[in-house]
Amino acid sequence: MNVNNLMSGINGSSRNITAMKEHVRQGYDAVYTTEVNRYDELGSPLYPDIAENLLSEVDLKGKKILDVGCGTGVSSLRAVQQGASEIVCVDQSTNMLSRCQAKLKSQAGQVRSSFLQLDADKLQFDEKSFDVVISSMMLGFMPNQVATLSEMRRVLRPGGTLAIATHGTAFQTESVWAFIRGLPPRHMKKPYRIEFWPRGEKAIQRFLAKAGLEDIHTKRHTLQETFASPAAAFAAMEATSGLWMMTNYPRAAADEITAAYRKSFERYKVDRLTHDVVFGYGRRPAQ
Ligand SMILES: C[S@@+](CC[C@H](N)C(=O)[O-])C[C@H]1O[C@@H](n2cnc3c(N)ncnc32)[C@H](O)[C@@H]1O
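Structure report, in brief. All residue numbers here refer to positions counted from 1 along the written sequence of the relevant chain. In view of the model being predicted, local features appear only for residues whose pLDDT reaches at least 70, and side-chain atom pairs are presented and counted only at 80 or more, with totals across whole chains, interfaces and linings using the full set of residues.

### Structural notes on the overall build of the protein
- Secondary structure follows DSSP: runs of H or I at least 4 residues long count as helices, runs of E at least 2 residues long count as strands, and numbering of each begins at the N terminus. Of regular secondary structure, the protein possesses 11 helices and seven strands.
- For the protein, the C-alpha radius of gyration of 18 Å lies close to 19 Å, the compact-globule estimate for 287 residues.
- Counting only C-alpha atoms and orienting by the principal axes, one finds that the protein spans roughly 55 × 40 × 30 Å.
- Partly exposed residues are those whose C-beta has more than 12 but fewer than 20 other C-beta atoms within 10 Å; 20 or more makes a residue buried and 12 or fewer makes it exposed, with C-beta atoms placed from the backbone. The burial tally for the protein puts 47% of its 287 residues in the buried class.
- Residue pairs are scored as contacts if the distance between their C-beta atoms, which are placed from the backbone, is within 7 Å. Across the protein, contacts joining residues at least 24 apart in sequence account for 81% of those joining residues at least 6 apart. Each radius of gyration is computed over the set of C-alpha atoms, and the globule rule expresses the reference value as 2.2 Å times the number of residues to the power 0.38.

Structure follows, in structure tokens:
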């Protein structure tokens, strides 16, 4: 049993979907830490590796691509480098989206690109608009993952490909434990809401099928990254999460909890993080 899912189940965090998304948005909009603005620097090599792995088995040449939860455009740029003819990038965070736009404008050459602030559950495109839909490391933040995948399937043309990478059940559990163990006792009174739903391969297969995709396959890659110090491991986690988990607390408490979280990394010598990633692929049926 994964500790995140267990705690989310116990405290009922799946009930308030609007608040849940808003928390994640604030994290990536740098409300709780400006370190998220170092996402590309501190999220490397992990996120570029995930993008490479995700797209290694997808034919993108001459295709119109939608990247959902594009972030700073790590996978969007990769898709362009693999020959996409047009890329549409969407994210609910304007902070991440503007970084994506700057990156593609400077590095994507003449390829047509557009950037829209959208919730992944409400993709405001006509049905059958894209040849390929990609989404890297966003699905784990979505409360109803079948609904999100169904929305991605809706905008795919018949026969089009969906390729996702998402947080596996062991994703950075060292960090989750450090948070729980470091949490000052008086803040435990408020039930902690976890806006994070990591999944195993079987679950992703099931969700893709329920969302109406076919030719489904998955793979899972787990690797441990060792950092120079617990402080460096914390910095990588902070920059790539935006500390969205702090958004449940008033600002002053969040600062205190962040300090305790950082200290907990030191105390328990967390200088390694497990990156557990599940990749899922499917095709929209031809009819
Ligand atoms: C871990 S980052 C991944 C970014 C990028 N795809 C990558 O691989 O580097 C997660 C991204 O998902 C976005 N996101 C989270 N929930 C979202 C939602 N409901 N709709 C759109 N984007 C969302 C966040 O704003 C953030 O940019």
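Still to come is the rest of the account.
### Notes on the packing of helix H8 (residues 173–182) against helix H11 (residues 251–267)
- Axis geometry follows a simple rule: fit a line to the C-alpha atoms, using only the stretch in contact for helices, then measure angles between N-to-C directions, giving values from 0 to 180 degrees. H11 packs onto H8 with a crossing angle of 115° between their chain directions and a minimal axis gap of 8 Å. Pair H8 / H11 crosses with right-handed handedness. Two secondary-structure elements touch here, H8 through Ala178, Phe179, Arg181 and Gly182 and H11 through Ala260, Tyr261, Lys263, Ser264 and Phe265.
- Think of it as three bins: nonpolar holds Ala, Val, Leu, Ile, Met, Phe, Trp, Tyr, Cys and Pro, charged holds Asp, Glu, Lys and Arg, and polar takes everything else, Gly as well. Residues of the contact of H8 with H11, tallied by class, amount to five nonpolar, two polar and two charged. Should the near helix be turned anticlockwise from the far one by less than a right angle, the crossing is left-handed, and should it be turned clockwise, the crossing is right-handed.

### A word on the site of the ligand
- For the ligand, the set of nearby residues contains 21 residues, the closest of which are Gly69, Gly71, Ser93, Ala120 and Ser136.
- Among the secondary structure elements, those contributing two or more residues to the shell around the ligand are helix H2 (17–28), helix H4 (46–55) and helix H5 (74–81).
- The leading source of residues in the shell around the ligand is H2, at three residues.
- When grouped by side-chain class, the residues that make up the shell around the ligand number 11 nonpolar, seven polar and three charged. By convention here, the C-beta atom is placed from the backbone, and a residue is near a molecule or strand when that atom is within 6 Å of it.

### Focus: the environment of Lys122
- On the secondary structure map, Lys122 appears in the loop between strand E3 (112–117) and strand E4 (130–136).
- By the C-beta count within 10 Å, which is 9 here, Lys122 ends up exposed.
- In sequence terms Lys122 and Leu183 are 61 residues apart; their C-alpha atoms lie 35 Å from each other.

### Re the sheet that holds E3
- Only when DSSP finds a minimum of two bridges between them are two strands counted as paired. Strand order in the open sheet formed by seven strands is E3-E2-E1-E4-E5-E7-E6, and the pairing between neighbours is mixed. The sheet terminates laterally at E3 and strand E6 (214–226), the two strands that pair on one side only. Taking each pair of neighbouring strands and ignoring which way they run, the sheet shows an average axis angle of 15°.
- Of the strand pairs in this sheet, strand E1 (residues 64–68) and E4 are connected by three bridges, and their pairing is parallel. Residue Leu66 lies in a different strand from E4, and its bridge partner there is Val133.
- Each of E1, E4 and strand E5 (156–167) touches helix H7 (residues 145–155); the most contacted strand, E5, lies at about 145° to it.

### Some points on unusual backbone geometry
- The peptide bond linking Ser44 to Pro45 adopts the cis configuration, its omega dihedral lying at 10°.
- The phi angle at Lys128 is positive, at roughly 60°, despite the residue not being glycine.
- As for its placement among the helices and strands, Lys128 is situated in the loop between E3 and E4.

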